[in-house]
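# Close look at the chain arrangement
Listed below are the residues making up each chain.
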Amino acid sequence: MAVAAAAAVCLPAATAEASGTKLTHNQAAAKLRAAGITWSSSGNCSDRNRKTCTSFSQINSGTVNGIIAFKRASGCRVNITGGTETGHARGTYSHWNGHKVDITPTTCVNRYIKGHYKYVGKRGDGASMYRSAAGNVYANEGNHWDITYK
């Protein structure tokens with residue numbers, strides 16, 4: 001029994017829970033705030049159905065845990081500019097389905113991603129992609145990093 005418990009503790013949180021529990025906006029916001037992560041939107045709102053908002057409604061717990069782990073590992077300030085709101089590309093591992101967040105690029109964030117993750121080529125839209133050891137993909141879209149937690 002103790003061996004099984006120890007093995008479970010060793011699983012990377014972002015991978016183990018990425019398709020896990022769906023959180024409300026308030027649940028996710030509380031976890032992010034406690035970790036020192038900020039967020040912003042051009043519309044100064046959190047309505048999932050407005051593309052100018054930044055919403056966490058229906059975000060996967062593993063996505064929230066993943067961005068918290070990124071902040072802790074990198075030591076960088078993290079500001080989320082995109083969550084589960086409408087207006088992003090569709091797909092299984094989409095913003096809408098709770099697998100992605102967008103963050104503000106800073107010197108610290110850029111340096112950490114490029115220095116710690118493997119460059120894996122360009123996406124169809126030309127964004128440079130980097131993959132973490134846990135399998136998360138960080139795509140540089142210029143004005144933000146589009147991060148996918150599978």
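Everything in this summary refers to the structure shown in the same document. (Residues numbered from 1 in each chain as written. Predicted model: local features only at pLDDT ≥ 70, side-chain atom pairs only at ≥ 80, totals over all residues. Heavy atoms only, no water.)

### Quick look at the overall build of the chain
Across its full length, the chain holds 5 helices and 9 strands. Shown N-terminal to C-terminal, the secondary structure of the chain runs as helices and strands in the order α-α-β-α-β-β-α-β-β-α-β-β-β-β. Taken over 150 residues, the chain has a buried fraction of 43%. (Helix = DSSP H or I, 4+ residues; strand = E, 2+ residues; numbered from the N terminus. Buried < 20%, exposed > 50% of the residue type's maximum accessible area, 1.4 Å probe, protein only.)

### Considering the pattern of salt bridges
Side-chain pairs of opposite charge can arise whenever the charged atoms involved come near each other. Under the defined criterion, the tally for this structure stands at 4 salt bridges. Measuring nitrogen to oxygen at the nearest pair gives 2.7 Å for the salt bridge that ties Lys 100 to Asp 146. Highlighted residues: Lys 100 in strand β5 (residues 100-103) and Asp 146 in strand β9 (residues 145-148), separated in sequence by 46 residues. When sorted by exposure, Lys 100 lands in the same class as Asp 146, which is buried. According to the relative accessible area criterion, Asp 146 is buried, its value standing at 3%. (Salt bridge = Lys/Arg side-chain N within 4 Å of Asp/Glu carboxyl O.)

### Brief notes about the layout of surface pockets
A volume near 150 Å³ is recorded for the largest pocket. Tallied by class, the residues present in the lining of the largest pocket amount to 2 nonpolar, 6 polar and 2 charged. (1 Å grid on protein atoms, 1.4 Å probe; cavity = no way out; pocket = protein on both sides within 12 Å on 5 of 7 lines; lining within 4 Å. Points joined across faces, edges and corners; volume = space filled by probe spheres on them. Nonpolar A, V, L, I, M, F, W, Y, C, P; charged D, E, K, R; others polar.)

### Topic: the state of the cysteines
Tallying each qualifying case throughout the model produces 2 disulfides. A sulfur-sulfur separation of 2.0 Å characterises the disulfide bridge that pairs Cys 45 with Cys 53. Here the S-S torsion is close to -100°, and the disulfide linking Cys 45 with Cys 53 is therefore left-handed. Accessibility classification places Cys 45 together with Cys 53 in one group, the buried group. The disulfide that involves Cys 76 links it to Cys 108, with 2.0 Å between the sulfurs. Between Cys 76 and Cys 108, the disulfide has an S-S torsion of -85° and is therefore left-handed. Separated by 32 residues along the polypeptide, Cys 76 in the loop between α4 (61-74) and β4 (79-82) and Cys 108 in helix α5 (residues 107-116) bring together distant segments of the chain. (Disulfide = S-S within 2.5 Å.)

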